[in-house]
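# Descriptive structure summary
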Amino acid sequence: MEYLIRCVAGMQEFVRELVLRDVPGVAVSEVEEGFLCLAAPSRVAALQDLRYLNNCFSVLRGFAGGEMVVLLRRLAADPSWVAAARREIRGSASFRVMLSDGDRLTRGDSDARKKLICTIEQHCGLRHAPRGGGIEFWLLRRRTGRAYFCVRLTQRRATEKTLAQGELRPELAQLLCELSEPAAGDVFLDPFAGTGAIVFARVGRPYNIAFAFEKDAAKAGAIRRRAKQIERRGGLRGGPVVARVEDARTLDTLRAGFVDRVVTDPPWGHFDPQIADLRALYEAAFRAIVRVTRVGGVVVMLLGRTDDGEEIVGTRHRGLELMRRFDILVSGRKALVAKWRRSGRDS
């Protein structure tokens, strides 16, 4: 069987490593920016549970190339893909058809699209529901020209309407946590917790204790309330989530070397006009983070790809060794992800 994965563009090589770690028996046959193609000897249900993926699709038919209208007509005229589709749509009653050309949604040719819809209704016994709510058939045409007709296996966990301003998508938050090499005994810290997206991504895996520090008392209170809700549902995989008002520039309440993993998304300067000197904020926070992180611990940051962000990543910080860097986009803005390991050479 063949699967397509969509992930955070720029981090596809890291996602490849994770998938090969987490899903035995699959092989990666193709890697593009934000995209992987997998081959497996049989159906792989585990792919649907990987929270660091944007989307996962089961491929019904592949094409070496062709325009969208031609591909739609070929699918409608030759339903050899129906048997594979029936294995994926058991228990479903409705469907809709989505077209993506070079990662952009498109309506496509109206007549060709209607013919494919009729073919699906006739051969799969499903009712067309253009507003969604059922199975999604996708025709994805990549920038390389290669195209895939698929069934989407995963559901979006969040949309722009459900996310707060500046809140990270859960898939990216999960990737940042995975990059930190999470372990069951971790003392975890996000010193710029914001809405808590990173902390809540981390507590879904085993840990010891998680600290969420935030200068805004209302945001810290919201994190505490959400953590209690998750705890009542049995969703915490470790000890308490400690959310409190704390200055990330000093981290005064934490002793030196107490923290195992730091994963954070500090301000970029776009949404907080009160930050007069972003570089000074970064430098002070960096010194505090180095102090509280144990030797061998890991620090992961998501930063805007600005002069200030590049300065932080490009500087050789005593006590930290830069391990990896990824250039990505977040809501259309250039960003970078950096990973450091705490070395024995202290500042």
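An account of the accompanying structure is given in this report. Everything numeric in this text was worked out from a predicted model, so none of it was measured.

## Brief notes about a positive patch on the surface
A cluster of basic residues, Arg224, Arg225, Arg226, Lys228, Arg232 and Arg233, forms a positive patch on the protein surface. As for its position among the elements, Arg225 is in helix α7 (residues 217-232).

## Regarding the pairing of strand β13 (residues 259-264)
Side chains on a regular strand alternate between the two faces of the sheet. Counting buried residues along β13, six of its six residues qualify, which places the element largely inside the surrounding structure. In the sheet, strand β10 (residues 187-190) pairs with β13 via two bridges, with the strands oriented parallel. By the bridge assignment, Leu189 is partnered in β13 with Val262. Pairing of β13 with strand β14 (residues 293-304), which is carried by five bridges, proceeds in the parallel orientation. Across the sheet, Val259 pairs through a bridge with Thr293, a residue of β14.

## Quick look at the nonpolar core
One finds Val19, Leu47, Leu302 and Ile328 to be the most contacted residues of the largest nonpolar core, which totals 85 residues. At nine residues, helix α8 (residues 278-292) tops the list of elements feeding residues into this core. Ignoring any residue separated from it by four or fewer positions in sequence, one finds Leu302 in contact with Leu168, Leu172, Leu176, Thr264, Asp265, Pro266, Trp268, Ile328, Val330, Ala335, Leu336 and Val337. Among the nonpolar cores identified, the runner-up in size contains 26 residues, and Val82, Ala85, Ile117 and Ile120 belong to it.

Quick notes on the rules
Residues numbered from 1 in each chain as written. Predicted model: local features only at pLDDT ≥ 70, side-chain atom pairs only at ≥ 80, totals over all residues. Heavy atoms only, no water. Patch = residues over 30% accessible without salt bridge, like charges linked within 9 Å, V, L, I, M, F, W, Y side chains within 5 Å. Areas by Shrake-Rupley, 256 points an atom, 1.4 Å probe, with all protein chains shown as cover. Salt bridge = Lys/Arg side-chain N within 4 Å of Asp/Glu carboxyl O. Lys, Arg positive; Asp, Glu negative; His and termini not counted. Charge placed at Lys NZ, Arg CZ, Asp CG, Glu CD. Helix = DSSP H or I, 4+ residues; strand = E, 2+ residues; numbered from the N terminus. Buried < 20%, exposed > 50% of the residue type's maximum accessible area, 1.4 Å probe, protein only. Pairing = 2+ DSSP bridges. Core = buried A, V, L, I, M, F, W, Y, C linked by side-chain atoms within 4.5 Å. Contact = heavy atoms within 4.5 Å.

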